[in-house]
Amino acid sequence: MSSAAIVLDANILIRAVLGTRVLELIQAHADTVKFFAPDVAYADARKYLPALLKKRGVDPIPAMLVLDALERIVHPMDMEVYGGLQQQALRRIEMRDADDWPVLACAMVLGCPVWTEDADFFGTGVATWTTDRIALFLGG
């Protein structure tokens, strides 16, 4: 069976660290689905997670180790890979959230959908899955 692929938005990486469901879904399907995220999604997660963890009274060190370990399953994509599609991606998404262009550009490079909780991707020309529906894509 050929592998499906999907690009994760930073909000999904954050959910994988803060909760259990997203991480369990990723781990359960790692053999049949290739997961990717732009390098900047990891940078965003590393930027926002410490404050979110502190607010929840969670020790940030083990949580950040979960994010680090996630990189072995959710492969970070370098700007060199997707940067060439910046202008095309921006034309599709800048009206909603220009900061999301790297996620869209990764999906365009790979020809695959996006997993996000963000409605900004709707109407950009790539399929968009949210966590409540992702099992349909993953084959669960």
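Shown above is the structure to which this text applies.
Owing to the predicted nature of the structure, the values given are computational and were not obtained by experimental measurement.

1. A closer look at the pattern of salt bridges
Thought 1: Following the criterion strictly, the structure yields 2 salt bridges and no others.
Thought 2: With a closest N to O distance of 2.8 Å, Arg46 and Asp68 form a salt bridge. In this pair, Arg46 sits in helix H3 (residues 39–55) while Asp68 sits in helix H4 (residues 60–70), placing the two residues 22 residues apart along the sequence.
Thought 3: Overall, Arg46 belongs to the partly exposed group, its relative accessible area being 30%.
Thought 4: Taking relative accessible area as the criterion, Asp68 reaches 36% and is therefore assigned partly exposed.
Thought 5: As a salt-bridge pair, Glu71 and Arg46 come within 2.6 Å of each other at their nearest N and O atoms. Here Arg46 lies in helix H3 and Glu71 lies in the loop between H4 and strand E3 (74–77), a separation of 25 residues in the sequence.
Thought 6: Three or more residues joined by partner-sharing salt bridges are found here, namely Arg46, Asp68 and Glu71.

2. Here we look at the packing of helix H1 (residues 10–18) against H3
Thought 1: Taken N-terminus to C-terminus, the directions of H1 and H3 make an angle of 45°; their axes are 9 Å apart at the nearest point. Relative to H3, H1 is oriented oblique. When the axes of H1 and H3 are compared, the crossing they make is right-handed. Contact residues: H1 offers Ala10, Leu13, Ile14, Val17 and Leu18, while H3 offers Ala41, Tyr42, Asp44, Ala45, Tyr48, Leu49, Leu52 and Leu53.
Thought 2: Its residues placed into classes, the contact of H1 with H3 shows 12 nonpolar, no polar and 1 charged.

Criteria and thresholds
Residues numbered from 1 in each chain as written. Predicted model: local features only at pLDDT ≥ 70, side-chain atom pairs only at ≥ 80, totals over all residues. Heavy atoms only, no water. Salt bridge = Lys/Arg side-chain N within 4 Å of Asp/Glu carboxyl O. Helix = DSSP H or I, 4+ residues; strand = E, 2+ residues; numbered from the N terminus. Buried < 20%, exposed > 50% of the residue type's maximum accessible area, 1.4 Å probe, protein only. Axes fitted to C-alpha atoms, helices over the stretch in contact; angles between N-to-C directions. Parallel < 35°, antiparallel > 145°, perpendicular 65-115°, else oblique. Left-handed = near helix turned anticlockwise from the far one by under 90°. Contact = heavy atoms within 4.5 Å. Nonpolar A, V, L, I, M, F, W, Y, C, P; charged D, E, K, R; others polar.

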